[in-house]
Amino acid sequence: MSDPRIAVIGIPGKWSTEVLADALHARSGFRHVVDMADVSLDLNNQRLLHNGLDLCELDGLIVKKISAQYSPTTLDRLELLRVAESRGVRVFSGVDNMLGLVNRLSCTTQLREAGAPMPATCVSESPEAIREAVARFGSAVAKPLYSTKARGMEVWQASDSDLDTKIRAFQKANPMMYVQQKLDLSGQDLGMVFLGGEYLCTYARVAAGDTWNTTIHSGGKYAAYDPDARLIQLADNAQEPFAMDFTTVDVALTADGPVVFEVSAFGGFRGALEGAGVDAASAYAEYALSAVQSAFDA
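Not measured: the values here are computed from a predicted model. (Residues numbered from 1 in each chain as written. Predicted model: local features only at pLDDT ≥ 70, side-chain atom pairs only at ≥ 80, totals over all residues. Heavy atoms only, no water.)

(A) Spatial organisation of the environment of Gln180. Position of Gln180 among the secondary structure elements: in strand β11 (residues 177–181). Linking Gln180 and Leu53, residues 127 residues apart in sequence, is a C-alpha distance of 44 Å. Discounting chain neighbours no more than four positions away, the residues touching Gln180 are Pro119, Ala120, Thr121, Phe137, Ser139, Ala140, Val141, Lys143 and Phe261. Within the structure, the side chain of Gln180 is placed 3.1 Å from the side chain of Tyr178, a separation counted as a polar contact. (Helix = DSSP H or I, 4+ residues; strand = E, 2+ residues; numbered from the N terminus. Contact = heavy atoms within 4.5 Å. Polar contact = N/O pair within 3.5 Å; in protein donor to acceptor, adjacent residues only side chain to side chain.)

(B) Representation of the pairing of strand β3 (residues 39–42). Pairing between β3 and strand β4 (residues 47–50): four bridges, direction antiparallel. Across the sheet, Asp42 pairs through a bridge with Arg47, a residue of β4. (Pairing = 2+ DSSP bridges.)

(C) Just the packing of aromatic side chains, in detail. Counted by the stated rule, this structure contains eight aromatic pairs. With centroids separated by 6.3 Å and ring planes inclined at 70 degrees, the aromatic side chains of Phe92 and Tyr287 adopt a geometry described as edge-to-face. Note that Phe92 is positioned in strand β7 (residues 90–92) and Tyr287 in helix α9 (residues 280–297), a separation of 195 residues in sequence. Taking relative accessible area as the criterion, Phe92 reaches 0% and is therefore assigned buried. The partly exposed category is assigned to Tyr287, whose relative accessible area is 24%. Taking 5.7 Å as the distance between ring centres and 70 degrees as the angle between the ring planes, the aromatic pair formed by Phe194 and Tyr199 counts as edge-to-face. You can call Phe194 buried: its relative accessible area is 1%. (Phe/Tyr/Trp six-rings, centres within 6.5 Å; stacked < 30°, edge-to-face > 60°. Buried < 20%, exposed > 50% of the residue type's maximum accessible area, 1.4 Å probe, protein only.)

(D) Layout of the domain arrangement of the chain. Along its sequence, the chain is carved into domain 1 (6–92), domain 2 (121–181) and domain 3 (184–267). Relative placement of domain 1 and domain 3: their C-alpha centres are 27 Å apart. Contact residues are listed per partner, giving seven residues for domain 1 and four residues for domain 3. Counting the surface lost from both domain 1 and domain 3, the interface buries some 470 Å², and carbon and sulfur atoms represent 54% of this. At the boundary of domain 1 with domain 3, the tally comes to one salt bridge. When the shortest N-O distance is used, the salt bridge between Arg90 and Asp245 registers 2.9 Å. At the junction of domain 1 with domain 3, the criterion picks out two residue pairs in polar contact (both at pLDDT 80 or more). Looking at the side of domain 1 that touches domain 3 residue by residue, the class counts come to five nonpolar, no polar and two charged. (Domains from an automatic or database assignment. Buried area = accessible area lost by both parts, 1.4 Å probe. Salt bridge = Lys/Arg side-chain N within 4 Å of Asp/Glu carboxyl O. Nonpolar A, V, L, I, M, F, W, Y, C, P; charged D, E, K, R; others polar.)

Here you go:
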């Protein structure tokens, strides 16, 4: 087999997308970044076309970012990649695997079934049920089912005089409402990175000032963190059922012990690099190229 040709599905110009494409190019001589907005499916001929290139003729596709923001359209874009999979193209991390993580509710239910410790959660279309949950929680975070970097999330207090108004306004954009008990995270949470199911590194996200979330989007910063073996095992148990090629497990440390918030459908590179000093993009490129080559040799 000549050098494998693996394209990156992502956001052109974005650092994580470009650094992964660069890492693949340095090792294989092939570089192609795919914006799914520019992809068309020719179903009759089983072709998935991007700028004149049939993605079904490649050896692999790494999905770094399927869309800038999560939405039901994200699921449609992933479905297109089934055509490439059916033609023998290795899709990292596999269409079915990613589909189970893009929707927050799907991820949550699977994590709970796997026994992961999680914050108290209520999901319902009933405003009354949501109001009762917030009363139980005292303080809650309302989360869209499709979102990243805390976009669209709201913090509600049981004592809010306008709680009913907030619930109704939130439901207009989110018919199925998801609320989770707000926990004291002491200003940080953790990103625990896994490659091919093996632990790679951990970094911390430290909140800026008195903001309630730790995301870089809200001004947080990355920092080093050295987890103990028990915490690594907890994160490993959380990610194992999803069989991802590359993922980040979001973990928080509370007074009552660690909790898992989610397993990422795509994972990130900057936190690993800036917080843990690990070049995850290069590691992922080498992993993908090796997987494709091994499949050919077999």
